[in-house]
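Structure assessment
One-letter residues, chain by chain:
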Amino acid sequence: MRIALPCLILLTACTPGEGIRNPFTGVTGAFTAPDQQRGAVELAVKSEFPAINAQIDAGGGPALTAAFDAAGVPSEDRPARIIQLQNDRGLYEANPAALTSALLIWGGGQMS
């Protein structure tokens, strides 16, 4: 019995699928963004990464808005998200993949 529960948890967590599944609740995480949306966000972030970094510092701009749009981040959430990006500058300024993941999570992984 001692080994059965951990094995069950691991097997549940490792089942193939589109995202990260919580083994206790069965809820799939926000990383289940459709490939098309993930690609659009990656393109928006990576093609304009220097401009997005500057616009994070400035509090917004067209490249950052395009990345938010691609990720489906609600417009009413964006001012707070910009503040979060400014406060976590060290995490995002050299890592476009981390920024892409954050945007997808904030957008809820849904098509806009």
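Residues numbered from 1 in each chain as written. Predicted model: local features only at pLDDT ≥ 70, side-chain atom pairs only at ≥ 80, totals over all residues. Heavy atoms only, no water.

**Focus: the environment of D77**
To be explicit about the condition: Helix and strand labels come from DSSP, where a helix needs a run of H or I of at least four residues and a strand needs a run of E of at least two; each type is numbered from the N terminus.
Here D77 is to be found in the loop between α4 (62-71) and α5 (78-87). When the C-alpha atoms of D77 and W106 are compared, they prove to be 8.5 Å apart, with 29 residues separating the residues in sequence.

**With respect to the pattern of salt bridges**
Defined as follows: The working definition used for a salt bridge is a side-chain nitrogen of Lys or Arg within 4 Å of a carboxyl oxygen of Asp or Glu. When accessible area is computed with a 1.4 Å probe and restricted to protein chains, residues below 20% of their type maximum are described as buried, those above 50% as exposed, and intermediate ones as partly exposed.
Evaluation of the coordinates by the stated rule reveals 2 salt bridges. Here R89 makes a salt bridge to D57, at a shortest N to O gap of 2.9 Å. Placement of R89 in helix α6 (residues 89-92) and of D57 in helix α3 (residues 49-58) is noted, with a sequence separation of 32 residues between them. By relative accessible area, R89 is classed as buried at 15%. One salt bridge connects R78 with D69, and the closest N-O pair in it is separated by 2.8 Å. Its relative accessible area of 15% is what places R78 among the buried residues.

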